[in-house]
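Below, each chain spelled out in residue letters.
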Amino acid sequence: TLLLNLGMVVLLYKELKVTSFDPALAAAIGISPLLIHYLLMAGVSVTVVSSFESVGAILVVAMLVVPPATAYLLTDRLATMLILSVVFGVLSSTVGYILATLIDSSIAGAMATAAGFFFLSALLFSPKQGIIARTIRRQSIGRGFRQQLLLLHLQSDTVPTSQTKIAQRFAWSKGQSLAAIIALRQAGEIEGDDECIEITAKGRDAVETTGHGILVEHHRG
């Protein structure tokens with residue numbers, strides 16, 4: 001089954017790729033999407049049937065879904081994704097077998113657990129799609145937006161304002177307003193204490209060059 005699948009992927013890689021992502025283009029260049037689809041489904045069917053007989057239902061479902069999902073979190077390139085899927089499948093099998101031997105438990109269950117561990121790790125720590133990375137990016141964008149919004153507000157308001165009024169004006173928490181004020185003060189774009197905040201010439205220049213653009217991009221996002 002392994003050799004059959006490997007041969008099909010190697011020989012029909014371009015056809016499988018184009019029919020999976022753009023069937024209309026495949027038909028336009030003379031590739032039959034229906035034929036490739038049935039070949040792929042036949043390969044999946046043979047794999048599932050032989051795997052059920054060999055390793056059982058738990059491991060079949062786990063290995064069909066979890067290693068590819070883990071690879072998908074780490075790359076956007078199809079070739080790299082296929083390689084990573086194989087790597088995570090092998091790692092899950094190896095680590096799961098060792099774990100099952102150590103604790104004298106179900107081998108299939110331990111392999112599925114190992115696969116789940118790799119998926120959870122990718123879900124948390126993936127540089128692009130990981131929860132931690134996305135949270136950091138959102139927080140960074142939010143901080144930048146608050147700073148630009150504060151500069152725009154100070155530019156349009158000729159009367160000096162305070163940290164409390166800023167927090168009330170934009171419904172920010174005290175920590176959010178203080179963080180924006182501190183960052184802008186360190187950058188030299190505002191001046192004064194927390195009770196009398198004014199925009200500087202550098203801050204006005206920053207608003208003219210980037211402020212409106214950042215607000216537009218944030219609105220689009």
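Residues numbered from 1 in each chain as written. Predicted model: local features only at pLDDT ≥ 70, side-chain atom pairs only at ≥ 80, totals over all residues. Heavy atoms only, no water.

## Considering the overall build of the protein
Broken down by element type, the protein carries 11 helices and 2 strands. Listed N to C, the secondary structure of the protein is α-α-α-α-α-α-α-α-α-α-β-β-α in terms of helices and strands. Scaling as 2.2 N^0.38, a compact globule of 221 residues should have a C-alpha radius of gyration of about 17 Å, whereas the protein reaches 27 Å, well beyond that. C-alpha extents for the protein along the principal axes are approximately 75 × 55 × 25 Å. Looking at the protein as a whole, 30% of its 221 residues are labelled buried. The average position of the 16 basic charges and that of the 15 acidic charges among the side chains of the protein differ by 2 Å. (Helix = DSSP H or I, 4+ residues; strand = E, 2+ residues; numbered from the N terminus. Rg over C-alpha atoms; globule rule 2.2 N^0.38 Å. Buried < 20%, exposed > 50% of the residue type's maximum accessible area, 1.4 Å probe, protein only. Lys, Arg positive; Asp, Glu negative; His and termini not counted. Charge placed at Lys NZ, Arg CZ, Asp CG, Glu CD.)

## Here's the deal with helix 8 (residues 131-156)
Counted at 1.5 Å a residue, the expected span for helix 8 with its 26 residues is 38 Å, and the 37 Å between its end C-alpha atoms agrees. For helix 8, the full list of buried residues reads Ala133, Gly142, Phe145, Arg146, Gln148, Leu149, Leu150, Leu151, Leu152, His153 and Leu154. (Expected span 1.5 Å × (residues − 1).)

## Focus: unusual backbone geometry
Phi at Asp104 is positive, roughly 55°, even though this residue is not glycine. Residue position: Asp104 is located in the loop between helix 6 (78-103) and helix 7 (107-125). On the accessibility criterion, Asp104 (72% relative accessible area) is exposed. Look at Ala171: it is not a glycine, yet its phi comes out positive at around 55°. A relative accessible area of 68% means that Ala171 is categorised as exposed.

## Thoughts on the pattern of salt bridges
Inspection of the entire model under this criterion finds 1 salt bridge. Close ionic contact of Lys128 with Asp76 constitutes a salt bridge, the shortest N to O distance being 3.8 Å. Of this pair, Lys128 sits in the loop between helix 7 and helix 8 while Asp76 sits in the loop between helix 5 (57-74) and helix 6, and the two are 52 residues apart along the sequence. Each member of the pair Lys128 and Asp76 is classed as exposed. (Salt bridge = Lys/Arg side-chain N within 4 Å of Asp/Glu carboxyl O.)

## Observations concerning a nonpolar patch on the surface
Residues Tyr97, Ile98, Leu99, Leu102, Ile103 and Ile107 make up a contiguous nonpolar surface patch of about 600 Å² in total accessible area. By the element assignment, Tyr97 lies in helix 6. (Patch = residues over 30% accessible without salt bridge, like charges linked within 9 Å, V, L, I, M, F, W, Y side chains within 5 Å. Areas by Shrake-Rupley, 256 points an atom, 1.4 Å probe, with all protein chains shown as cover.)

## Remarks on the packing of helix 7 against helix 8
Following both chains from N to C, one finds helix 7 and helix 8 inclined at 10°, their axes separated by 3 Å at the closest point. The angle between helix 7 and helix 8 places the two elements in the roughly parallel class. Residues Leu123, Leu124 and Phe125 of helix 7 lie in contact with helix 8, whose contacting residues are Ile131, Ile132 and Ala133. The class makeup of the residues in the contact of helix 7 with helix 8 is 6 nonpolar, no polar and no charged. (Axes fitted to C-alpha atoms, helices over the stretch in contact; angles between N-to-C directions. Parallel < 35°, antiparallel > 145°, perpendicular 65-115°, else oblique. Contact = heavy atoms within 4.5 Å. Nonpolar A, V, L, I, M, F, W, Y, C, P; charged D, E, K, R; others polar.)

## Quick notes on helix 5
Taking 1.5 Å per residue as the helical rise, helix 5 with its 18 residues ought to reach 26 Å, and the 27 Å between its terminal C-alpha atoms agrees with that figure. When the local axis directions of helix 5 are compared, the greatest deviation, roughly 30°, occurs at Met63, which is followed within four positions by the proline Pro67. Within helix 5 the residues assigned to the buried category are Leu59, Val60, Ala62, Val66, Pro67, Thr70, Ala71 and Leu73. The secondary structure elements touched by the buried residues of helix 5 are helix 4 (33-55), helix 6 and helix 7. (Bend = angle between axes of the 7 residues up to and from the residue.)

## Digging into the nonpolar core
Core analysis: the biggest nonpolar cluster contains 17 residues, and Leu150, Leu151, Ile166, Trp172 and Ile190 have the highest contact counts within it. For this core, the elements supplying multiple residues, two or more each, are helix 8, helix 9 (163-170), helix 10 (174-186) and helix 11 (201-220). A per-element tally of this core places helix 8 first, with 6 residues. Beyond its immediate stretch of four places on either side in the chain, Trp172 contacts Arg146, Leu149, Leu150, Ile166, Ala167, Ser177 and Ala180. (Core = buried A, V, L, I, M, F, W, Y, C linked by side-chain atoms within 4.5 Å.)

## Some thoughts on the packing of helix 8 against helix 10
Any two packed helices are characterised by the angle at which their axes cross and by the distance between the axes. Where helix 8 meets helix 10, the axes come as close as 9 Å, and the angle between the chain directions of the two elements is 75°. One finds that helix 8 runs roughly perpendicular with respect to helix 10. Note on element contacts: helix 10 touches helix 8 through Gln176, Ala180, Ile181, Ala183 and Leu184, opposite Arg146, Gln147, Leu150 and Leu151. Residue composition of the contact of helix 8 with helix 10, by class: 6 nonpolar, 2 polar and 1 charged.

Keep in mind that these numbers describe shape and distance, not what the molecule does.
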